Amino acid sequence: MKRIMLITGHYGSGKTEFSINRIIDLKKQYKKTAILDMDIANPYFRSRERQQLLEEMGISVYFNSFGYDITEDLPAISASMKAPLENKEYVTIVDAGGNDSGAMILNQFKKYFTAEECEQLCVINANRPETDNLHGALEHTVRIQAETGIRIDGLINNTHMLRETEPTDIMKGYYLCKEISKQLEIPIVFNVCHESLTEALKDAVRAEHIHDMTIYPIKLYMRPTWLDR
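Presented here is a report on the structure given in the accompanying data block.

Conventions used here
- Residues numbered from 1 in each chain as written.
- Predicted model: local features only at pLDDT ≥ 70, side-chain atom pairs only at ≥ 80, totals over all residues.
- Heavy atoms only, no water.
- Buried < 20%, exposed > 50% of the residue type's maximum accessible area, 1.4 Å probe, protein only.
- Helix = DSSP H or I, 4+ residues; strand = E, 2+ residues; numbered from the N terminus.
- Pairing = 2+ DSSP bridges.
- Salt bridge = Lys/Arg side-chain N within 4 Å of Asp/Glu carboxyl O.
- Contact = heavy atoms within 4.5 Å.
- Axes fitted to C-alpha atoms, helices over the stretch in contact; angles between N-to-C directions.
- Parallel < 35°, antiparallel > 145°, perpendicular 65-115°, else oblique.
- Left-handed = near helix turned anticlockwise from the far one by under 90°.
- Nonpolar A, V, L, I, M, F, W, Y, C, P; charged D, E, K, R; others polar.
- Expected span 1.5 Å × (residues − 1).
- Polar contact = N/O pair within 3.5 Å; in protein donor to acceptor, adjacent residues only side chain to side chain.

## Side note on the pairing of strand β2 (residues 33-38)
Within β2, six of the six residues are buried, which leaves the element mostly enclosed by the surrounding structure. Going residue by residue along β2, you find T33, I35 and D37 tucked away on one face and A34, L36 and M38 tucked away on the opposite face as well. Where β2 meets strand β3 (residues 59-62), four bridges bridge the pair, whose relative direction is parallel. Of the residues in β3, the one forming a bridge with L36 is Y62. Looking at chain direction, β2 and strand β4 (residues 91-96) are connected through six bridges and run parallel. Residue pairing across strands places M38 opposite A96, the latter belonging to β4.

Following this line, the structure appears as structure tokens:
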């Protein structure tokens, strides 16, 4: 893992949910952590919406130039975001906007995203219409890499169907990501599942005789009712 982690992917792929879970986990290991919300396109499910929760945990949260009030949706990125990127004591996650157009905003800070300090991870949800097949997922991944000019270092399988998610959905995403991995020579680093599905997913993995699948259990901070029964 490198000090700065860029999280990119398709709209609705679950970038923000993963980003929040990841920075909370990293806070258990590192004293100084920050999350940068660079999504200026999507008005829903942004990491800034959990600012109070994260800051109570000691995680610094950065978003637009104006603050968390009536101006929060204006397309402006705060210059203060440079602070954790410049300070090498910080481990930082950058929650980028969706698709290649959303990832384009990263270019403003590209000088900080060096190969020595930064890695880019692309989130894939195989149940999204635009990324539910190899051709679409490949095209999407290549466009993000081209727009940012930063190599994608890893894939995150975050295939879900909201409250209807089953282990079969996650397995479907795993096999799609395996094909992307072969084509682009990019490893799969995480296979995300809600914590309540962990044991069932492990059973499915054993049944398929898979030995290289890293399961990453998460809580739901953005949509806590997804798996309510």
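## Notes on the pattern of salt bridges
One pass over the structure, following the stated rule, counts 10 salt bridges. Where K182 meets E179, a salt bridge forms, and the shortest distance between an N and an O atom there is 3.7 Å. Here K182 and its partner E179 are both found in helix α6 (residues 167-184), three residues apart, which amounts to about one turn of the helix. For the salt bridge of E199 with K202, the shortest nitrogen-to-oxygen distance reads 3.7 Å. Remark: K202 and E199 occur in helix α7 (residues 198-207); sequence separation between them is three residues, near one turn of the helix.

## Some points on the side chain of R3
Secondary-structure assignment places R3 in the segment before β1 (4-9). Every residue in contact with R3, bar those within four places of it in the chain, is listed here: P84, L85, N87, K88, Y90, V91, T92 and E117.

## Considerations on the sheet that holds strand β7 (residues 188-194)
The strand order across the open sheet formed by eight strands is β3-β2-β4-β1-β5-β6-β7-β8, and the pairing between neighbours is parallel. Single-partner strands in this sheet number two, and they are β3 and β8 (215-218). Shown here is a sheet whose adjacent strand axes are inclined to one another by a mean of 25 degrees, direction ignored. Relative to the sheet, helix α5 (residues 134-148) contacts β1, β5 (118-124) and β6 (152-157), its axis offset from that of β5 by approximately 150 degrees.

## So, the packing of α6 against α7
Two elements in contact, α6 and α7, have axes separated by 9 Å at closest approach and are oriented at 50 degrees. The angle between the axes of α6 and α7 places the two elements in the oblique class. Read as a crossing pair, α6 and α7 show a hand that is right-handed. Contacts from P167, I170 and M171 in α6 reach A200, L201, A204 and V205 in α7. When the residues that make up the contact of α6 with α7 are grouped by side-chain class, the tally is seven nonpolar, no polar and no charged.

## With respect to α5
The terminal C-alpha atoms of α5, which comprises 15 residues, lie 21 Å apart, in line with the 21 Å expected from a rise of 1.5 Å per residue. Taken residue by residue, α5 has G136, A137, L138, H140, T141, I144 and T148 as its buried positions. The backbone nitrogen of H135 lies 3.2 Å from a side-chain oxygen of the residue at the head of α5, namely N133. Positioned one or two residues after α5, G149 has a phi angle of 70 degrees, which is positive.

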